[in-house]
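Okay, here's what each chain looks like letter by letter:
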Amino acid sequence: GIIAGKEVLYVLTRKIGDMQIMKIDLKTKAVSQLPINFKGSINKLSLSGDNDLFFAGFSAVRSIQYFLYSYNSKRTLALPFANKVYDAGEVLQTEIVWVPSRDGKKIPVSLVYKKGLELKNKNPILIDGYGNSGAVSDLGYDPTNLPWLTRGGIYAYAHVRGGGELGENWVKDGQFPNKMNSINDAVDVAEYFVKNNYTSANKQLIMGGSAGSFLVGNAINQRPDLFAGGIFLSGLPDLVTNMDAAGGREQKSTGLLGTKEGFE
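The structure presented is a predicted model; accordingly, all values stated were derived computationally and were not measured. (Residues numbered from 1 in each chain as written. Predicted model: local features only at pLDDT ≥ 70, side-chain atom pairs only at ≥ 80, totals over all residues. Heavy atoms only, no water.)

**Structural notes on the side chain of S110**
In step 1: For S110, the location among the structural elements is in strand β10 (residues 106-114).
In step 2: Note on S110: relative accessible area 5%, which makes it buried.
In step 3: The contact partners of S110, leaving out residues within four places of it in the chain, are I16, E95, I96, L139, Y155, A156, Y157 and H159. (Helix = DSSP H or I, 4+ residues; strand = E, 2+ residues; numbered from the N terminus. Buried < 20%, exposed > 50% of the residue type's maximum accessible area, 1.4 Å probe, protein only. Contact = heavy atoms within 4.5 Å.)

**Here we look at the sheet that holds strand β3 (residues 20-25)**
Backbone hydrogen bonds are what pair the strands of a sheet, in a parallel or an antiparallel way.
In step 1: Here we have 4 strands laid out as an open sheet, ordered β1-β2-β3-β4, and antiparallel in their pairing. Of all strands in the sheet, those with a lone pairing partner are β1 (2-4) and β4 (31-33), marking the two edges. Taken over all neighbouring pairs, the strand axes of this sheet differ in orientation by 20 degrees on average, direction set aside.
In step 2: In terms of strand pairing, β3 meets β4 through 3 bridges, oriented antiparallel. Of the residues in β4, the one forming a bridge with M22 is Q33. (Pairing = 2+ DSSP bridges. Axes fitted to C-alpha atoms, helices over the stretch in contact; angles between N-to-C directions.)

**Comments concerning the nonpolar core**
In step 1: Core analysis: the biggest nonpolar cluster contains 26 residues, and V109, L111, I127, V189, F193 and I206 have the highest contact counts within it.
In step 2: Of all elements in the fold, only β9 (92-100), β10, β11 (125-129), β12 (154-158), α3 (180-195) and α4 (213-222) reach the threshold of two or more residues within this core.
In step 3: Counting residues per element, this core draws most heavily on α3, at 6 residues.
In step 4: The residues contacting I127, other than those within four sequence positions of it, are A156, A158, V189, A190, F193, Q204, L205, I206 and M207.
In step 5: Listed in part, the 15 residues of the second largest apolar core include I36, F38, L53 and Y69. (Core = buried A, V, L, I, M, F, W, Y, C linked by side-chain atoms within 4.5 Å.)

So this is what it looks like as structure tokens:
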């Protein structure tokens, strides 16, 4: 997220669903914002020549597109091979809600749903999440969600603690010895949706892949009254008996089994 040119420094500012790129003149120290005409996420920054910048932009309702910022002309243009983009904004919409956790932290949740859907109307909700090892989950357009979304379901990605979306402290607050914060965040998001009529417990599912499956089993065990079911994707549901490479690797975030604290 930091790219140095001959005369300029580019810095990506991280904000869920609304990233920007700041340009710092190395001589004058003047700071300005690159002209970007879409709202979403940005990655794949790369220098072109001495001072120009390649980058990719995308969102939960817009397919990925590649751009070049010209330092001399101060213009941002889509690359010729990427001048077409699929924009689902006519049928889908996305927003961020901030859910209060039990310990006072605010958990950002990215919602994607059919345009015009009344949110607080006990809709089916699929909660997804990861929250591990500082990984950042920036939503891109995913057509595999369309069967769920077009039938009135809401896709809710919970950026729980342990992920890198809100910086280093957010990571540390969801790793050993604080790993239960990740699970608690997922439960608190589910409870918030039920209490505020976004959904009802018999219409709410939780899903997670790999280390994200920690959220699934533990959240349902903690509050089975909030969920109709859960989905493991390449799941690690039982770290006490799971002794393969993945189970061993995740002990860094969950605690060493050979210690009392890690086992608990």
